Amino acid sequence: MMNFPKSVSLSLTYRALVTQSGGGFKVAEVYLDANEVKPHEVLVKVRAVGLNPTDWKSFDWLKIEDAVVGCDAAGDIVCVGSEVTRFKAGDRVAGFTIGCSQTHNGAFAEYVRFDAFTLLRLPEGMPYEEGASLPIPHLTAVQNLHVHLNLPTPSQAEAKLSPSAAAGTPETILIWGGTTATGHHAIQLARLSGLRVIATASPQAFDEVLALGASFVFDYRDVDVVEKIREAAGDSEMGVRYVLDTISKGGATEKCIDAMGPKGGQVVHLLPVSKDIVKRRADVEVSLTLVYNLLGPMLSDPFRPQDRPPVQRYLENDWIQLSKGWSNGVGTERLKPQRIRRLERGFDGIVDGLKQMREGRYGREKLVGYVC
Ligand SMILES: NC(=O)c1ccc[n+]([C@@H]2O[C@H](COP(=O)([O-])OP(=O)(O)OC[C@H]3O[C@@H](n4cnc5c(N)ncnc54)[C@H](OP(=O)(O)O)[C@@H]3O)[C@@H](O)[C@H]2O)c1
């Protein structure tokens, strides 16, 4: 059962962007019954939405008709399910759901249901737009770094809980795609975890990537990029031990594996790669991470409930500390937001944003839209 505040009726009709048969999107009315809000969920009035590549990819792959589009949104909690203790009506939050997969829920809508577990509490000073830019990229970085690579979180590193941090010998992580939305967050978190970061990017973005905390940045189009990374990492010692490959196509994963040091290590990647790539080096473990699997199964990949407790601890401790004192467009001393590009207000603006994303016309900016 849900604790609806007295001011909210037990049912709701709202507008949402949904998939159409034969392709494209349309705005449709969605009816929400109180029973649809599950005990672990919150109902959020959407104030801004964030666009991700997965929004158009899921549309193409899942092909579910009348499904609500969109994963990331920020807004105000209207009511919470009976098991939700961390949040209450009125809280400002951002979260994600699996867009294009459900006919009665998705982020590009006037209201969205989020699993309370995925919620980032928005600090005072953070506008909804910056909140909406966060959930999938930030939580993908958290899940890869602090769960799959098992690196200390910023608060653990600060408390010197990790042996490497305590010994003062930083290990090296390569973040391939340092200017992706995921890379933007991963560079900062890895640095805060006490690691030395090497990243790749286009030369025009080198200064931005260094300002986020990378020690070295190399052009991913350079034919000698692998050798340069190995040299910077100090191949005679440990070299690169960890890799987050945010690109995972066009030869990126192979280069990441080849750039690792003589003792091998771990590569996590975000898109499926071939078995040959996974087996490229016996001393390198290569594995796929899907942020969706924090919520449930997706295509052939299973739900990963074991990833939830460490992510939850991050959200309750590290996130609250890292985002404290946030200021609009600047972030905090320790965490910077991506540059935001605001779309025209309304669903048409979001549809235009989806087109820009599909065509790759967003560069290093985060597209953010509004449902009204
Ligand atoms: N598995 C998951 O859970 C998960 C989660 C989030 C995202 N993803 C996937 O991860 C990928 C990245 O998504 P995102 O939203 O983080 O990033 P994004 O914002 O879409 O990344 C755009 C940036 O990618 C960079 N780029 C393009 N090709 C590159 C290459 N070959 N090497 C290095 N950088 C390159 C460009 O950087 P420059 O401007 O420097 O050229 C561009 O600015 C997408 O395929 C997305 O679907 C998966």
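What you are looking at is a predicted structure, and each value in this text was computed from that prediction instead of being measured.

Let us now look at the overall build of the protein chain. The secondary structure content of the protein chain amounts to twelve helices and 16 strands. Against the 2.2 N^0.38 benchmark of 21 Å for 372 residues, the protein chain shows a C-alpha radius of gyration of 20 Å, consistent with a compact globule. Considered along the principal axes of its C-alpha atoms, the protein chain spans approximately 65 × 45 × 35 Å. With 372 residues in all, the protein chain has 56% of them scored as buried. Within the protein chain, residue pairs in contact and separated by at least 24 positions form 68% of the contacts whose partners lie at least 6 positions apart. About 15700 Å² of surface is accessible on the protein chain, with carbon and sulfur atoms providing 51% of the total. Considering the protein chain, the positive charge centre built from 42 side chains and the negative charge centre built from 44 side chains are found 1 Å apart.

The next point concerns the site of the ligand. The full set close to the ligand counts 23 residues, and Lys57, Ser202, Tyr220, Tyr362 and Arg364 are the nearest of them. Interatomic distance of 2.7 Å between a side-chain N/O atom of threonine 179 and an oxygen atom of the ligand. Within the backbone of alanine 181, one N or O atom sits 3.2 Å away from an oxygen atom of the ligand. In isolation the ligand has 930 Å² of accessible area, and contact with the protein removes 83% of it. For the shell around the ligand, the secondary structure elements donating two or more residues are helix H1 (53-62), helix H3 (135-148) and helix H6 (181-192).

One ladder, built from four bridges, connects strand E10 (residues 196-201) with strand E11 (residues 216-219); its direction is parallel. Within E11, the position partnered with isoleucine 198 by the bridge is phenylalanine 216. Once the chain exits E10 it traverses helix H7 (residues 206-212) before rejoining the sheet at E11, and the crossover so formed is right-handed.

It is worth spelling out the pattern of salt bridges at this point. One pass over the structure, following the stated rule, counts 20 salt bridges. Where arginine 113 meets glutamate 36, a salt bridge forms, and the shortest distance between an N and an O atom there is 3.9 Å. Here arginine 113 is found in strand E7 (residues 111-115), whereas its partner glutamate 36 is found in the loop between strand E3 (25-33) and strand E4 (41-50), with 77 residues between them in sequence. For glutamate 36, a relative accessible area of 23% translates into the label partly exposed. Arginine 341 is the salt-bridge partner of glutamate 365, the closest N and O atoms lying 2.6 Å from each other. Note that glutamate 365 is positioned in strand E16 (residues 365-370) and arginine 341 in strand E15 (residues 339-345), a separation of 24 residues in sequence. Arginine 341 sits in the partly exposed class, given a relative accessible area of 25%. One salt-bridge network, in which partners are shared between bridges, spans Glu36, Glu41 and Arg113.

Take the pairing of E16 next. By the criterion of burial, E16 is predominantly enclosed, with five of the six residues buried. Of the pairings in the sheet, the one linking E15 to E16 comprises five bridges and is parallel in character. When the sheet's bridge partners are listed, arginine 345 is paired in E16 with tyrosine 370. A crossover connection joins E15 to the parallel E16 through helix H12 (residues 347-358); in handedness this β-α-β unit is right-handed.

Now for helix H8 (residues 225-233). The complete set of buried residues in H8 reads Val225, Val226, Ile229, Ala232 and Ala233. All buried residues of H8 fall inside an arc of 130° around its axis, so they share one side. Among the structural elements, strand E9 (172-176), E10, E11, strand E12 (240-245) and helix H9 (252-258) are those in contact with the buried residues of H8. Looking at the residues trailing H8, positive phi occurs at glycine 234, about 75°.

A few words on the environment of threonine 118. Secondary-structure assignment places threonine 118 in the loop between E7 and strand E8 (120-121). Exposure remark for threonine 118: the relative accessible area of 0% places this residue in the buried category. In this structure, threonine 118 is in contact with Ala94, Gly95, Phe96, Leu139, Leu295 and Leu315, ignoring residues within four places of it in sequence.

Basis of the calculations
As a convention, each chain's residues are numbered from 1 in the sequence order in which they are written. Under the rules for a predicted model, residues below a pLDDT of 70 receive no local features and side-chain atom pairs below 80 are neither given nor counted, while totals for whole chains, interfaces and linings still include all residues. The side-chain values count all of the structure's non-hydrogen atoms but skip hydrogen atoms and water molecules. A run of H or I in DSSP counts as a helix once it spans at least four residues, and a run of E counts as a strand once it spans at least two, with each numbered from the N terminus. The size measure is the radius of gyration over C-alpha atoms, and the globule rule it meets is 2.2 Å times the number of residues to the 0.38 power. Each residue is placed in one exposure class: buried if its accessible area under a 1.4 Å probe, protein chains only, is under 20% of its type's maximum, exposed if it is over 50%, and partly exposed if it falls in between. Whether two residues are in contact is decided by their heavy atoms: any pair within 4.5 Å suffices. Per-residue and other accessible areas were derived by the Shrake-Rupley procedure at a 1.4 Å probe size, with only the shown protein chains allowed to occlude residues. In this tally Asp and Glu are treated as negative and Lys and Arg as positive; neither His nor the chain ends contributes. We put the charge of a Lys on NZ, of an Arg on CZ, of an Asp on CG and of a Glu on CD. Throughout this document, a residue counts as near a molecule or strand when at least one of its heavy atoms sits within 4 Å of that molecule or strand. Think of a polar contact as two N or O atoms within 3.5 Å of one another; within protein, one of them needs to be a possible hydrogen donor and the other a possible acceptor, and neighboring residues in sequence only count if both atoms come from side chains. Whether two strands pair comes down to DSSP finding at least two bridges between them. The handedness rule is simple: strands pointing away from the viewer, and a clockwise path from the first strand over the helix to the second, make the crossover right-handed. Each salt bridge in this description consists of a side-chain nitrogen of Lys or Arg and a carboxyl oxygen of Asp or Glu lying within 4 Å of one another. Throughout, the arc means the angular range of directions from the helix axis out to the C-beta atoms.

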